[in-house]
Every structure is written in C-alpha cells, then in structure tokens.
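# An overview of the molecular structure
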Amino acid sequence: MIRITIVLLLLLSQGLHAQTTAPTHWCGTQDGKVAWLEDYQANPMAFPRSVDTLYIPVTIHLVGTSGGAGYFGLPDLLDAFCTLNRDFENASIQFYLEGGISYIPNNTYYNHNFDTGSEMMAAYNVPNTINCYISNSPGENLCGYSAYNLGVALAKNCIQPDDHTWSHELGHYLSLPHPFYGWEGYDHDYGKPAPEQINGNLVERVDGLNCNVAGDGFCDTPPDYLNYRWPCNTLGESIVLQTDPLGVKLKSDGSFIMSYSSDECSYRFSDEQIAAMQANALSDKAEFLYDQTVRYPVYAGPVVPVFPGEGDTISTFNEIPFVWEPMPEATHYIVEYSINPNFNTAVFQFMTVGNSWVSSKLVKNKTYYWRLRPYNAQHTCEAYSDIHTFTTGDQTTTAVDDLIDGLSAVHILPNPVQSGAPLGLQISSERSMELNSVLMTPGGQVVGRYQWRLERGQTRVQIDTPGLPSGMYVLKLSTADGQMVRKVLIAR
Ligand SMILES: [Zn+2]
C-alpha cells in the first residue's frame, strides 16, 4: 500500500512538473487595435504629450492555489518589476507598486482562462491602477494577456528577470498592438509573398507607403509578419526571410518588445509607440496619474544593525525584534534569516514596512544569519545587503497575554514608534489603580519613569520619547498586584 502511494506521488509530481514547462504560445491579448488608438492615429497632434516622466500605479495580485501555495515569490516579484521599469525607462514611463500586495488563493484563478480571468479581475480590481494578476497559467500555453482597461494576466514562469512579457502586456494595456497586427492566428507559407490584405487589414509594405494604415499603424515599426515566437540573428533580425505584397524581401526587427521575438532580442519601444503610450496615459487613463511623486533609487549600503547587534548573544529566543538603521529612500524591506550563512536551508522571509520586524519563529541557542533587501514602490532592483549574525539564548520573554490581575488589555500604539513621536498606551482596567512604569534599554538602563492613575474602563496615556536613539526598549509596568513587560521599538 505504501509503495503504491509513493508511485502515485511520483506520477503526480511528474504531472505537476509537466505543467510548469514554458508555454508554447506567447501572448493571448485579443483586443486587436483598440478604438482609442484608431482615434489617436487619425490625429496624433490632437493628443497630449508629456515632457516629464509619467508615474503609473500598478496593483499586484498574486494568485495561488486554494490551499495558499504556489504564489510568485516576493524577491522574484521585485526582480520582475525591476525589469519592467528598465524596459519603460526610455519611454519616460515608470510604474510604482500601489498599496499592499493582494493574495488570492483560488484554484480556478490559479489556472484560469479568459472567462474566469475576467471574473477574477471584476472581483478584485482596484480602480485607477493597472491591475496585474500573476498566476500559474493565464490560459493554456499562454505567457500572458492584457484586457484593455480591465487588467493584465501573467504566468509566473514568463516574468523571470530576463523576460519582457510584463512589458509587452503593459504595452498592450497602454494601447499598443503587435507590429504584425492582423497576422495573429493567420496560417501563412513564409516562402510566398504576403497577400495585400489579411482579414480586412492592409499588410504593411517595405517601401513604407502604407505604414500609417497597415499593420500597427506606426511608421517607425517596419513590416513584420511573424506571428509565432521567433529567434533573432546576431544583428537582432529574424532568421526567417519574408516577402511583402510587392515581392520585396524583409526580415523582422527583433528589438521591439511588442513583437514576438525571443526575450533575448527585444528591449525597446519605438518613438511612435512611446508617444502613443504617453498620450494614452494622459488622456484615456488620466485618472491613474494621481500621484506623480518622484521616488529616488534606494541606497543599498551595508546594514547597520540596531538589534540584535552584530555577533551578539541575546538571552531570549521567542520574540526577537530585528531593528536596523533605515536605508536612504527605502520604505520596505524583505527580511531573511536562516541558520545557514548561505541562506539555502530553512530561510524565513518577511516583507516589512519600515526598519523593524519582530520574529516569533526563532529557536533557542542557535546562531542565525540575517540580511535585508531594501526597496520602495518604484525602485526594486537593489540586491540583498551584507549578512549579519547573532545567537539566541534559552529564556523566554513575557508572553503577550501575561497581564497583571485587574488589567484586561494593554496596547502600545504605535509600535514601532518614530523617534521623537509620543508612544501611546491604551489600557483597560477592571478597577481603579495606580500604575507605575519604567522605560529601559535591553541592558537595564532606565531612560524614563512614569506614574498614572487608572480608572475602571479604558485609559489612554502617553510617553514622550525625545532624544531617544532608535532601537529596542523594554517597558516595565507594575501595580500593587504584579508586573509585566512589553517591548517597544523606536525607529528613526
Ligand atoms: Zn501581445
């Protein structure tokens, strides 16, 4: 019976493996040439252009299985977003991560199709941002698709650091068709000349005379008839020779992100494509441009640990705060710690806003290694920091629910508190009593003493923290009936 189970598991794991091989198709966008682009191309001068970089919000939806597995990893997301913004740098368009990451555990959406994908987008879309859904499969054998003014779906194995799928789909979302527009799904013998028209669409000629009405309607993207994933030669051109309707030979330009050339060939948008995307953002998506804050790249220098200090042995293990000096321009961090200095086993990984994190997952008497990956909403290219280490002890800190008799709740808000800002305590007591409080460093140095009179019910009190350096502090509270401690983090 056990042996049968193992065979079944092997078969199952092979089946799962087969599903994760690279999609054989590329883009499933079905919008063709959107009405907005028809209007734009009829009179581009009537549309706005920008001299400044446009900042466009993107909402990330990570789709996993119903059991909560299979999500695209956070470091992978930062890498993919880095590639996306690099691809759009020359277009003077930059994307930023709006809000927190949305996690959607749903088997139907994990491997969806156009119908279930539309249903998912209708259910989860955040208005006035570009909603991007990263799942296992956005349609059989597809890397991704864009649904104009609805959302963008991406396969997690098509947005690796060297892939341009995300950029391609956002190009569609900002109105761009394929340069081979009209040829999608058309079965052609490339040894023969192209027809004059395909499905009512004019075929673009090498002489360029019909370039503004044929193909994608842009004259600086030359004719391209290749509607399947194709490799390029050392000059970045297609290897397949094509023939235009007048009998002139051509090779496709593989540098265009909107073509079907392989990822290693493509890297750019044309000037006319850029002008169209900017005009699209400024007119059709003007309400998306509500935050044009300029964000600067993160300075990823060495980490300055505040707690635990480098090489420290600390006495406790069960609730350890990690605190570090903030890195310039970083608003978020991925925190990783491991018992292995090369981070290949038992890696715990968290995303945190601000320069601290409290872990309750450490074990006693172990040496740990930790590192950070700093980022902000727009700049996600920074690598991991240098590595720091500390050793846990075998003592436990006071459990959170270890309250003094007569107190029913003690909340410290905010925690961490910004240096210089007051620390608030919200205390619920069952009777009136005197409460004494001492704020000290982990080493026991007293930095403040306070005394309050509590009445029955809820009391809010405040502790000023002027001039206290950032770090972890211990707040000891005592009444006639006992005492308790709470950790307080002061962030810079
Ligand atoms: Zn496409």
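As a convention, each chain's residues are numbered from 1 in the sequence order in which they are written. Per-residue local features of the predicted model are confined to residues with pLDDT of at least 70, and side-chain atom pairs are confined, for both listing and counting, to 80 or more; whole-chain, interface and lining totals are unaffected and use all residues. With hydrogens and water excluded, all non-hydrogen atoms of the structure serve as input to the side-chain values.

### Quick word on the overall build of the chain
By the criteria applied, helices consist of DSSP H or I runs no shorter than four residues and strands consist of E runs no shorter than two, each listed in order from the N terminus. Secondary structure assignment for the chain yields 7 helices and 25 strands. With the principal axes as the frame, the chain shows a C-alpha extent of 95 × 65 × 40 Å. A total of 492 residues make up the chain; the buried ones form 51% of that total. Contacts in the chain between residues at least 24 apart in sequence constitute 66% of all its contacts with a sequence separation of at least 6. Shrake-Rupley sampling with a 1.4 Å probe provides the accessible areas, and residues are treated as covered by the protein chains on show and by no other component. A total of about 22600 Å² of accessible surface is found on the chain, and carbon and sulfur atoms cover 52% of it. We count Lys and Arg on the positive side and Asp and Glu on the negative side, and we leave His and both chain ends out. In plain terms, the charge of a residue is placed at NZ if it is Lys, CZ if Arg, CG if Asp and CD if Glu. Averaging the coordinates of the 27 positive side-chain charges in the chain and doing the same for the 51 negative ones gives two points 10 Å apart. When a residue's accessible area, from a 1.4 Å probe over protein chains only, is under 20% of the maximum for its type it is buried; when over 50% it is exposed; and in between it is partly exposed. Two residues qualify as a contact provided that any one of their heavy atoms is within 4.5 Å of a heavy atom in the partner residue.

### Considerations on helix α7 (residues 271–283)
Every α-helix carries 3.6 residues per turn, so stepping three or four residues along brings you back to the same face. Working rule for helices: expected span equals 1.5 Å times residues minus one. End to end, α7 covers 18 Å across 13 residues, agreeing with the expected 18 Å (1.5 Å per residue, within 8%). For α7, the set of buried residues is Gln273, Ile274, Ala275, Ala276, Met277, Gln278, Ala279, Asn280 and Ala281. Buried residues in α7 make contact with α2 (35–42), β1 (54–64), α3 (74–88), β2 (93–97) and α6 (165–173).

### Brief notes about the sheet that holds strand β15 (residues 356–359)
Whenever strands of a sheet pair, they do so through backbone hydrogen bonds, lying parallel or antiparallel. Reading across the sheet, the 3 strands line up as β11-β12-β15 and stay open at both edges, with antiparallel pairing between neighbours. Across the chains shown, the open sheet's two edge strands, defined by having one partner strand only, are β11 (305–307) and β15. Here the strands of the sheet are splayed against their neighbours by 25° on average, with no regard to which way each runs. Think of it this way: DSSP has to see at least two bridges between two strands before they count as a pair. In this sheet, strand β12 (residues 320–324) lies alongside β11 in antiparallel orientation, the contact comprising 2 bridges. Each bridged residue has a counterpart across the sheet, and for Pro305 the counterpart in β12 is Trp324. A fitted line through C-alpha atoms represents every axis, and for helices the fit uses only the stretch in contact; the resulting angles, taken between N-to-C directions, go from 0 to 180 degrees.

### What about empty space enclosed by the protein?
A pocket here means an open set of points on a 1 Å grid, computed over the protein atoms alone, that has protein on both sides within 12 Å along at least five of seven lines. A cavity is instead a set of points where a 1.4 Å probe fits but cannot get out; residues with an atom within 4 Å of a point line either one. Grid points are joined across faces, edges and corners, and a volume is the space filled by probe spheres set on the points. By the definition in use, this model includes 2 cavities of 30 Å³ or more. Reported here for the largest cavity is a volume of approximately 40 Å³. If you go around the largest cavity, the residues you meet are Ala80, Thr83, Leu84, Ile159, Gln160, Asp163, His164, Thr165, Trp166 and Ser167. Of all elements in the fold, only α3 and α6 reach the threshold of two or more residues within the lining of the largest cavity. Residue classes follow a fixed rule: Ala, Val, Leu, Ile, Met, Phe, Trp, Tyr, Cys and Pro count as nonpolar, while Asp, Glu, Lys and Arg count as charged, and any other residue, Gly among them, counts as polar. A class-by-class count of the residues in the lining of the largest cavity yields 4 nonpolar, 5 polar and 1 charged. What lines the second largest cavity is Pro179, Pro222, Pro223, Asp224, Asp253, Phe256 and Ser259. Looking at the lining of the second largest cavity, its residues break down into 4 nonpolar, 1 polar and 2 charged.

### Description of the side chain of Lys285
Structurally, Lys285 is set in the loop between α7 and β11. Excluding its chain neighbours within four sequence positions, the residues that come into contact with Lys285 are Tyr148, Asn149, Tyr173, Leu174 and Asn280.

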